[in-house]
Amino acid sequence: MLDGKRICVCAGSGGVGKTTTSAAIALGMAAKGAKVAVVTIDPAKRLANALGLEELHNDPRRVEPERLAAGGLKVDGELWAMMLDPKRTFDELIERAAPTPERAEEIKANRVYSELSTAVSGSQEFTAVAKLYDLDQEHEFDLLVLDTPPSRNALDFLDAPQRLNSFLEGRALQALMRPTGVGMRVLGRGASPLLAGLRRLTGVDLVTDLATFFGLLGDMTADFTARAQQVERLLRAPTTAFLLVSSAEREPIDEAIWFHRTLARTGLPFAGVVVNRVHHDLLLGSEPADVGTALRRTALSPDLAARVADNFRDYHLLARRDDHNVARLEKALGRHPLLMVPQLDDDVHDLEGLLKMHRYLFATDAERERLIAQLVA
Amino acid sequence: MRRGTHTRLYSQAGAGILRARVNPHVAAWARRTRPRRPAGRGLRARRHLAAEHDGPLRCGPVPGLLDKRLVFVTGKGGVGKSTVAAVLGMLAARRGLRTVVAELSGQERIQRLFEHGGEHFHEVEVAPDLFTISVDPDHAMDEYLRVKVGAVGHMLGSSRLFHAFTMATPGMRELLSLGKVWELSQPQRRTEGATPYDLVICDAPATGHGVGLLKTPRTFAEIARVGPIAHQGRQIANTIANRKFTGVVAVATPEEMPVNETLSLHESLAEDGLALDLVVLNALYPMRFDDREVDQLATALRRARSPLSRSALGAALSEHARAQTQREQQGRLRAALDGRLVALPFLFADHLGPEQVEDLADALEPQL
C-alpha cells in the first residue's frame, strides 16, 4: 500500500485510533528497512514514553532500536518520532520568512499573531502541514507518516490550513489594512460606508491591530502564498498517500465513505482504509443460541454459563454491526484496499499494543487469517 | 414495544439490569400524563440571573446542572458528546424545561440521532420540549448583522470582502457561533418572534478546540477593546464565567486518551476560573464476572473441546479484560474529580436512535 510513497497522511475522525495506527505504520515500514519519521500531535503518555518522546523537541528523534527489540521486533530500518509543537512551528515559519530578526520579534509580539498561532482552531492543522513540508524538503527520510490533529471531522484537516492561508495571503484584505494602502487612507477618513460599517462592528482597535499585523507581514505574504502552493503540490503528489483510519461503528464509517468521495473529487491521492476495533465473527457458522447448549458440557454453573452466553450474544450484536458497516465501506471503496484490525483486549496505548497492531497491519493474507483464527480459539 | 429487546442496559456495577428498576412503561406513562409546563414558564423564576451577568459570579452555591441556563458539553472526538448532549437535553425536557441542543460542528448529529433530517440552521423539535439547532457561523453572522447593524448590516453581509474579513479573522467563526448560542440562552431573544428556552445545551467541538472556544469571547473583548464586537465578547465571556448561568460538562470514554484529555481540561479550566460541573463517563462496559468466576472461565477454556464453547469462553475473558481496564480508567477520573463523575453504560446496539437516548436518560436520571 505504501511502497514507493514518501508521505503518508493518516486522517480520520476522533477516537478511532489514529495516533496508534500512524505509529504502527511507521514502525512496520521501518521494520521493512526504511528510514521513517512519524509526526504525531498529542500521543497518549504511555505511547509517547514507549517511543521515547518524553519532551517536546519539534524535531524527529530516533526511537532507540533497543526499545523495539525489547518488544520482540527486529527493525532493519530506522524509526524516528516527533511530537508537533504548533506554536513553535509557527514561530519558526515567521523567523525564516522575516527579513530581519527584529521584524520576526515584532510579529511574534503582535496580539493578532499570538491568537493566530495558538488559540485558533486550524493552527494545529496549518503547522502540521508546514512541518511535513519542511521535513520533506530536508530529504532525511524515506517516508514521513503524519498523524493529523484530533478533530471531529476528518475533513477539517484539509479545510483548516486553507482558511489560515487565505487569511495570511488575503490580498484584498491586506490592501485594505496596510497603513500605506488605499484602504487605510479611506479608513482614516471613514469615507466608504463599507469600511465605516466594518469599523463600527469590529471596533477600531481590532482593525488597527490587523493593520499593524499585515503591515509587519509586508512582503512576507508572498512567501506564504508560494509556500501554500508548494504544500498543495506536495499533498497532491503521486508519492503521497492519504490513509483513512476508522472504527467499524456507523458514524465513522459514514464519514470514511464521505472522506473517500471528497478525496476522489478533489484529486488527492487516496491509498486505503484501516478499520480498527473490528469485532470479528466468532460463531463459526453456528447461531448464538447454540452457545448455551455447547456450554452445558463445561463445568460452569448454569448461572455463570448463562452470563457467558449473554456476553457472547452481545458481542455478536457488535460483530454483526461491524460486518454490515465494513461491507458498506468496501462497496464504496471499490478497488481501494481495506485493512481490518480486531478489537484488541485492552486499550492500545503502549509499545505492546503498538506491536500487536503492527502485526495485523503488516500481515500477509494468510497470516491475518491465522491471527483471526487464534482470536476464535 | 417502546424498547427493542436487543438493547440491554447495565448499571455501573454491572450487577443489576437498570430496566428492572425503572419500569419503562410506567416511566413512559408518567411522562405522557405529566402536565407539560407552558413554554418558558421556568424563565420567570430564573430571569433574575440574566440581570446578574454583568460581572462574573464565581462564589456561592452552584445550582444543579439542569437548573442552569447554558451547558457546554465537551470532550475528545469520538467519545459520544452529541449523544450525551441529547441525553441531558432529554432529561431536561422530561422535567418540563423547554430545551434546545445547539450543535457547533455543522453536522446535524442530534437530528440524525432522533431520525430527523434536512433542517439546517433552524430550530427543530425532535421530542416534546426538546429542540435542536445546527449553528453555522455564516448564518449566525448574517442574523447578527441584520439585527445589530440594520441597513449597513445587510450590505456588509452581502459583501465578499467583509465575509473574507470575518471568516479569516482568527477566532471570529467561533465568536459568531457562540454569539448564536448565547442568543438562544437569553430570556429576551433578539431573533424576532423567537420563543425563549429554559435551557441551552451546546454540543461543543472536540476538547482542544472546546477550551479555545470558551476562551474566545474574552480574547476578542481584549483584542477589540471597544466597539460592538468587544461589547459582545465581554457579554458572552461574563455569561460563561457566571457559574449560576453556565455549566461545563466533559464527556470521556473509559480509555487512556479521553481520560487524559478530561483531566487536562479540568486543570486548564481551573486556570481560567472555570470548572467542570460534571464528567460523564460514557460507554462503560458491564462487569459481568468476579475474580473467582474469571478463574473458573479460564479453567473451563483450557478444558473445553467444542470450538463454540472455546469461542464463547474466550470472548467472555477478553470482554472481561476490557471491562477491567475500563474500571482502572474510571478510578483515575474518580480520584481527580471528587464526586462529579457519573457513568453511562455501553449499549449493545446496532446504532443509537431515539430509543437508546431514552434508555440512557433513564440511566442518568438517578445519578444527577
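Shown above is the structure to which this text applies.
Now for a quick tour of the structure. (Residues numbered from 1 in each chain as written. Chains lettered and ligands numbered in written order. Predicted model: local features only at pLDDT ≥ 70, side-chain atom pairs only at ≥ 80, totals over all residues. Heavy atoms only, no water.)

### Observations concerning unusual backbone geometry
Non-glycine residue A:His139 carries a positive phi angle of around 50°. Topologically, A:His139 is positioned in the loop between α7 (123-138) and β5 (143-147). The phi dihedral of B:Glu115 falls on the positive side, at around 60°, and the residue is not glycine. Among the structural elements, B:Glu115 can be located in the loop between α5 (109-113) and β3 (124-127). On the accessibility criterion, B:Glu115 (58% relative accessible area) is exposed. (Helix = DSSP H or I, 4+ residues; strand = E, 2+ residues; numbered from the N terminus. Buried < 20%, exposed > 50% of the residue type's maximum accessible area, 1.4 Å probe, protein only.)

### Quick look at α7(A)
All names here are of chain A. Look at α7: 23 Å from first C-alpha to last across 16 residues, which is about the 22 Å you get at 1.5 Å a residue. Counting buried positions along α7 gives 13 out of 16 residues, so the element sits mostly inside the fold. Histidine 139 sits one or two residues past α7 and shows a positive phi near 50°. (Expected span 1.5 Å × (residues − 1).)

### Description of the pairing of β3(B)
Within a regular beta strand, the side chains point alternately toward one face of the sheet and then the other, so they alternate between its two faces. Residue and element names in this part refer to chain B. Pairing of β3 with strand β4 (residues 130-134), which is carried by 3 bridges, proceeds in the antiparallel orientation. When the sheet's bridge partners are listed, valine 124 is paired in β4 with threonine 132. Joining the antiparallel neighbours β3 and β4 is a turn of 2 residues, in which aspartate 129 adopts a positive phi near 65°. (Pairing = 2+ DSSP bridges.)

### Thoughts on the side chain of B:Thr262
Relative to the assigned elements, B:Thr262 resides in helix α12 (residues 256-271). What B:Thr262 contacts, discounting residues up to four positions off in sequence, is B:Ala250, B:Val251, B:Ala252, B:Leu276, B:Val279 and B:Leu333. (Contact = heavy atoms within 4.5 Å.)

### Quick look at the sheet that holds strand β7 (residues 270-278) of chain A
Within a sheet, adjacent strands bond to each other through the backbone by hydrogen bonds, running parallel or antiparallel. Residues and elements named next belong to chain A. Taking strand neighbours across the sheet as the criterion, the 8 strands line up as β3-β4-β2-β5-β1-β6-β7-β8 in an open arrangement whose pairing is mixed. Each of the sheet's edge strands pairs with one partner strand only, and the pair in question is β3 (61-62) and β8 (338-342). For strand β2 (residues 35-40) and β5, the ladder comprises 4 bridges, and the chain directions are parallel. Counterpart to valine 39 in the pairing with β5 is leucine 146.

### Concerning the packing of aromatic side chains
All chains considered together, the criterion is met by 7 aromatic pairs over all chains. Seen in terms of ring centroids, A:Trp80 and A:Phe141 are 5.5 Å apart; in terms of plane orientation they differ by 75°. Their pairing is edge-to-face. Of this pair, A:Trp80 sits in strand β4 (residues 78-83) while A:Phe141 is found in the loop between α7 and β5, placing the two residues 61 residues apart along the sequence. The class for A:Phe141 is buried, based on a relative accessible area of 8%. The rings of A:Phe90, A:Tyr113 and A:Phe126 are connected pair by pair, giving a single aromatic cluster. Note that A:Lys35 overlies the ring of A:Phe141, its terminal NZ or CZ placed 5.2 Å from the centroid. The positively charged end of B:Arg98 is found above the aromatic ring belonging to B:Tyr197, 4.5 Å away from the centroid. (Phe/Tyr/Trp six-rings, centres within 6.5 Å; stacked < 30°, edge-to-face > 60°. Lys NZ or Arg CZ within 6 Å of the ring centre and 35° of its normal.)

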